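Results of the structural survey
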Amino acid sequence: MSQNFKYYAFISYNSRDVKWGKRLQRKLEHYRMPATLCSERGWNRTPIKPVFFAPTDIQPGGLTAELQERLKASRNLIVICSPNSAQSKWVGDEIEFFHSLGRTDNIHFFIIEGKPNSGDVATECFNPKIKELGIPEILGANIHEHTYALPWLNKERAFVQIISKLLNVEFDSIWNRHRRQLVQKVSSVLLMTLLVITAMVQMYIANQPIDVKMCLN
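The present account deals with the structure reproduced in this document.

Calculation notes
- Residues numbered from 1 in each chain as written.
- Predicted model: local features only at pLDDT ≥ 70, side-chain atom pairs only at ≥ 80, totals over all residues.
- Heavy atoms only, no water.
- Core = buried A, V, L, I, M, F, W, Y, C linked by side-chain atoms within 4.5 Å.
- Buried < 20%, exposed > 50% of the residue type's maximum accessible area, 1.4 Å probe, protein only.
- Helix = DSSP H or I, 4+ residues; strand = E, 2+ residues; numbered from the N terminus.
- Contact = heavy atoms within 4.5 Å.
- Phe/Tyr/Trp six-rings, centres within 6.5 Å; stacked < 30°, edge-to-face > 60°.
- Lys NZ or Arg CZ within 6 Å of the ring centre and 35° of its normal.

1. So, the nonpolar core
Counting residues in each nonpolar core, the largest one holds 53 residues, and the members touching the most others are Leu28 and Phe110. Here the element with the most residues in this core is helix α7 (residues 151-167); it accounts for eight residues. With near-sequence residues (within four places) excluded, phenylalanine 110 lies in contact with Trp20, Leu24, Ile78, Val79, Ile80, Cys81, Ala141, Ile143, Ala158, Phe159 and Ile162.

2. Here's the deal with the packing of aromatic side chains
Per the stated rule, a full pass over the model turns up nine aromatic pairs. Taking the centre distance of 4.8 Å and the plane angle of 40° together, the rings of tyrosine 13 and phenylalanine 53 count as tilted. In this pair, tyrosine 13 is assigned in the loop between β1 (7-12) and α1 (18-30) and phenylalanine 53 in the loop between β2 (51-52) and α3 (65-72), connecting sequence segments 40 residues apart. With respect to burial, tyrosine 13 and phenylalanine 53 carry one shared label: buried. Ring geometry for phenylalanine 109 and phenylalanine 126: centres 5.3 Å apart, planes at 45°, overall tilted. Here phenylalanine 109, found in strand β4 (residues 107-111), pairs with phenylalanine 126, found in the loop between β4 and α6 (128-132); they are 17 residues apart in sequence, far enough to count as distant. Each member of the pair, phenylalanine 109 as well as phenylalanine 126, carries the same accessibility label: buried. The residue whose ring lies beneath arginine 23 is tryptophan 20, and the NZ or CZ to ring-centre distance is 4.4 Å.

In structure tokens, the structure reads:
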């Protein structure tokens with residue numbers, strides 16, 4: 001893609017999902033790619049930035065001229081999918097406008113709640129504009145996908161899925177490294193916690209009063 005863009009991605013969301021928008025923006029902008037891959041692709045270590053997220057720049061609202069300019073200036077559109085965004089006219093308008101720019105292949109879905117194509121308004125997470133516009137069905141990155149027993153690990157996997165789609169790199173090439181780093185971090189935290197507990201126990205024992213009895217013959 002030869003065109004230069006001001007933003008690497010634009011996050012479309014419903015205001016009820018604002019915490020996920022902030023979290024995703026932070027994750028993407030601070031994600032450090034493997035040095036070897038950066039060298040091959042000519043990237044810096046944090047290639048996914050800036051990411052446009054309305055609360056940090058302008059107040060969210062209808063599809064104003066300013067928001068249209070931000071969409072035009074964005075290489076990708078990330079839709080935070082939930083029953084909230086599925087029922088949002090503004091999210092639908094942002095999808096439709098980005099689609100009209102001819103960048104349909106650059107629309108990505110990040111599912112935080114609900115089910116795709118459930119047919120039930122209470123659980124449907126895809127905005128109806130997706131089907132109306134005939135956007136090819138793409139499996140979104142889903143934080144509730146039960147790949148691992150630990151929920152937080154499934155969330156991390158979803159983040160990496162979005163990153164791999166944005167950068168057009170093989171998922172396993174960055175996920176395996178990311179997972180190893182997570183295991184190392186958790187192991188380090190557990191080890192430090194154990195050392196602190198051990199030190200506190202030893203200190204407690206050392207400070208216990210000693211009952212000395214002297215026997216006089």
